[in-house]
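For reference, the chains in residue letters:
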Amino acid sequence: MTRFTNSTVLVTGGTSGIGFATAQAFANEGARVIVTGRDQALIDQALAQLGATAQGLRSDAANLADAKALARTLAEQHVRLDAIFINAGTAQFASLADADEGLWDRIFNANVKGAFFQIQALVPLLNPGASIVLNGSINAHIGMPNSSIYAASKAALISLAKTLSAELLPRGVRVNVVSPGPVSTPLYGKLGMDATTLDTVAAQIQSQVPLGRFGLPAEIASTVLHLAAKESAFIVGTEIIVDGGMSQL
């Protein structure tokens, strides 16, 4: 398929996991893809697989100066965007007793504050009819122990999609959310747990998924592409949950 021929798409945090799978899916359908990440080596690795038209830029999702610099660089290159996938973020779990202000700030700076100001900076570069997709999480809905700060950050994104939709509709820009359930990505190695604890938690989570497995990054990517494509032009301010039935059954 070539739904995104002659389109330019930005994927934040597009060097691994869901972000990279989505960037690859956009590229496979004809888009010029721009990915961001914090690690230049991972950016270079991603670009080697995304093709000659892809571009990579270093940017930290939690850094507001980086958000403005990213938009400035794209503007200087006369880039106009047809879709943005706000995927970059962080996940760490801690109990109520163990959580501290530093954890709160790390998660909210990356997942909410960074996302908001990155969108603010990029809006002037959006073409009419452009689509913004935010990466949410079913943690905003299921009340999983030890995920309170992370879940709250994702709930904020879901709310943000609705308010930004109303604000950006006069520009012809749609905002929606894809909320994955458990997905096999490198993120599960960054939750602040040792390997044994991580394996135990992963097994417990998988047992709660009616399909009996973790999702694949490509399965989330296909939903992002649907929300970004013209075929979903009547979907606005909506959350699509992709979780193998975990929060639904």
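Residues numbered from 1 in each chain as written. Predicted model: local features only at pLDDT ≥ 70, side-chain atom pairs only at ≥ 80, totals over all residues. Heavy atoms only, no water.

Within the open sheet, the 7 strands sit side by side as 3-2-1-4-5-6-7. Their pairing is parallel. Only two strands of the sheet have a single partner each, and these edge strands are strand 3 (55-58) and strand 7 (239-242). Mean inter-strand twist for the sheet, computed between neighbouring axes without regard to direction, equals 20°. As paired strands, strand 1 (residues 8-11) and strand 2 (residues 32-37) are joined by 4 bridges and run parallel to one another. (Pairing = 2+ DSSP bridges. Helix = DSSP H or I, 4+ residues; strand = E, 2+ residues; numbered from the N terminus. Axes fitted to C-alpha atoms, helices over the stretch in contact; angles between N-to-C directions.)

This next bit is on the nonpolar core. Judged by nonpolar contacts, the single largest core of 28 residues is most densely connected at L74, L81, I84, L122, L126, I132 and L134. Where this core is concerned, the elements lending two or more residues are helix 3 (64-76), strand 4 (81-86), helix 4 (101-122), strand 5 (126-135), helix 6 (148-168) and strand 6 (174-180). Those residues in contact with L126, other than ones at most four positions away along the chain, are R80, L81, I84, I132, R171 and V173. By size, the runner-up hydrophobic cluster in this structure holds 27 residues, among which are V9, A31, V224 and A229. (Core = buried A, V, L, I, M, F, W, Y, C linked by side-chain atoms within 4.5 Å. Buried < 20%, exposed > 50% of the residue type's maximum accessible area, 1.4 Å probe, protein only. Contact = heavy atoms within 4.5 Å.)

Further remarks concern the pairing of strand 6. Counting buried residues in strand 6 gives 7 out of 7 residues, a clear majority hidden from the surface. Every second residue of strand 6 is oriented toward a common face, with R174, N176, V178 and P180 on one face and V175, V177 and S179 on the other, all of them buried. Examined bridge by bridge, strand 5 and strand 6 share 5 bridges and lie parallel to one another. For I132, the partnering residue across the bridge sits in strand 6 and is V175. Where strand 6 and strand 7 come together, 4 bridges link them in parallel fashion. Its bridge partner lying in strand 7, V178 is registered against I240.

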